[in-house]
Amino acid sequence: MTATDLDELERILSESGFGGPEEIARAKQVSNGLGLFVRSLIGLDREAAKQSLATFLAGKTLTANQIEFINLIINHLTEHGAMDVALLYESPFTDLTPQGPDGLFTSTQIDELIVTLERITATALVPPYSQQIIA
């Protein structure tokens, strides 16, 4: 979706009575923008989630637990569309390893993973002047 798509969606929601300007403004504020709000409702396509992590995975030989951890991330992205890095230190991630990613990955790999998750979230943050694709 582009910024124009989001503007059109906002107009449609407002005109259809599904959300007045106040509700739309609140949703945008709580979700840090309409793009993330929409993502939170529909999630991220599973293949898009996998592709988003492809750079992080490139050239790495992962253990079974590391693969499971990445699959948990993909599942979360598929359901919620974005992921706060702090969630890596909560269940179900800590069910796999009590230390979260620190128990499975090197600090360099964790930094890469954080950058990857921040990039996925950023793709849904469309400034009004941008025609960037978010989904």
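- As recorded by an unreviewed UniProt entry, the chain carries the name Type I restriction-modification system, restriction subunit R and is attributed to Methanosarcina barkeri 3.

### Notes on the confidence of the model for the chain
Here's step 1: Scored by pLDDT, the chain has a mean of 81; 71% of the residues are at 70 or more.
Here's step 2: Predicted confidence is poor over residues 128-135, with pLDDT under 50, and the contacts of this stretch with residues over four places away or in other chains come to 21 contacts.

### Observations concerning the packing of aromatic side chains
Here's step 1: Taken as a whole and judged by the stated rule, the model has three aromatic pairs.
Here's step 2: Their ring planes at 70 degrees and their centres at 5.9 Å tell us that F56 and F105 sit as a pair that is edge-to-face. Within this pair, whereas F56 is found in helix α4 (residues 46-57), its partner F105 is found in the loop between α6 (93-96) and α7 (107-122), the two being separated by 49 residues in sequence. Grouping residues by exposure puts F56 and F105 together as buried.
Here's step 3: For the pair F69 and F105, a centre-to-centre distance of 5.8 Å together with 65 degrees between the ring planes defines the contact as edge-to-face. Here F69, found in helix α5 (residues 64-80), pairs with F105, found in the loop between α6 and α7; they are 36 residues apart in sequence, far enough to count as distant. The burial state of F69 is the same as that of F105; both residues are buried.
Here's step 4: Of the aromatic side chains, those joined through ring pairs into one cluster are F56, F69, F93 and F105.
Here's step 5: Directly above the ring of F56 sits K60, whose terminal nitrogen or CZ lies 4.4 Å from the centroid.

### Description of the nonpolar core
Inside soluble globular proteins, nonpolar side chains tend to come together where they are buried.
Here's step 1: Counting residues in hydrophobic clusters, the biggest one holds 20 residues, and the most contacted among them are F69, I70, I73, L77, L88, L113 and L117.
Here's step 2: Within the residue set of this core, elements represented by two or more residues are α4, α5 and α7.
Here's step 3: Considering every element that reaches this core, the biggest residue donor is α5, with six residues.
Here's step 4: Sequence-distant contacts of F69, that is, excluding residues within four places in its chain, are made with L88, F93, L96, T97, G100, P101, L104, F105 and L113.

### Regarding the pattern of salt bridges
Here's step 1: Per the stated rule, a full pass over the model turns up two salt bridges.
Here's step 2: Between E47 and K50 there is a salt bridge, and its shortest N-O distance comes to 3.8 Å. On the criterion of helical spacing, the pair formed by E47 and K50 is a turn pair, its members being three residues apart in helix α4.
Here's step 3: On the basis of relative accessibility, which here comes to 46%, the residue E47 falls in the partly exposed class.

### So, the packing of α4 against α7
Two measures define how a pair of helices packs: the angle their axes make with one another and the distance between the axes.
Here's step 1: Viewed as axis vectors pointing N to C, α4 and α7 meet at an angle of 155 degrees, and their least axial separation amounts to 10 Å. One finds that α4 runs roughly antiparallel with respect to α7. For α4 against α7, the interelement crossing comes out right-handed. Residues S52, L53 and F56 of α4 pack against Q109, E112, L113, T116, R119 and I120 of α7.
Here's step 2: Residues of the contact of α4 with α7, tallied by class, amount to four nonpolar, three polar and two charged.

### So, unusual backbone geometry
Here's step 1: Cis geometry is adopted by the peptide bond preceding P92, which originates at S91 and carries an omega value of 10 degrees.
Here's step 2: On the secondary structure map, P92 appears in the loop between α5 and α6.

The rules behind these values
Residues numbered from 1 in each chain as written. Predicted model: local features only at pLDDT ≥ 70, side-chain atom pairs only at ≥ 80, totals over all residues. Heavy atoms only, no water. pLDDT = per-residue confidence, 0-100. Contact = heavy atoms within 4.5 Å. Phe/Tyr/Trp six-rings, centres within 6.5 Å; stacked < 30°, edge-to-face > 60°. Helix = DSSP H or I, 4+ residues; strand = E, 2+ residues; numbered from the N terminus. Buried < 20%, exposed > 50% of the residue type's maximum accessible area, 1.4 Å probe, protein only. Lys NZ or Arg CZ within 6 Å of the ring centre and 35° of its normal. Core = buried A, V, L, I, M, F, W, Y, C linked by side-chain atoms within 4.5 Å. Salt bridge = Lys/Arg side-chain N within 4 Å of Asp/Glu carboxyl O. Axes fitted to C-alpha atoms, helices over the stretch in contact; angles between N-to-C directions. Parallel < 35°, antiparallel > 145°, perpendicular 65-115°, else oblique. Left-handed = near helix turned anticlockwise from the far one by under 90°. Nonpolar A, V, L, I, M, F, W, Y, C, P; charged D, E, K, R; others polar.

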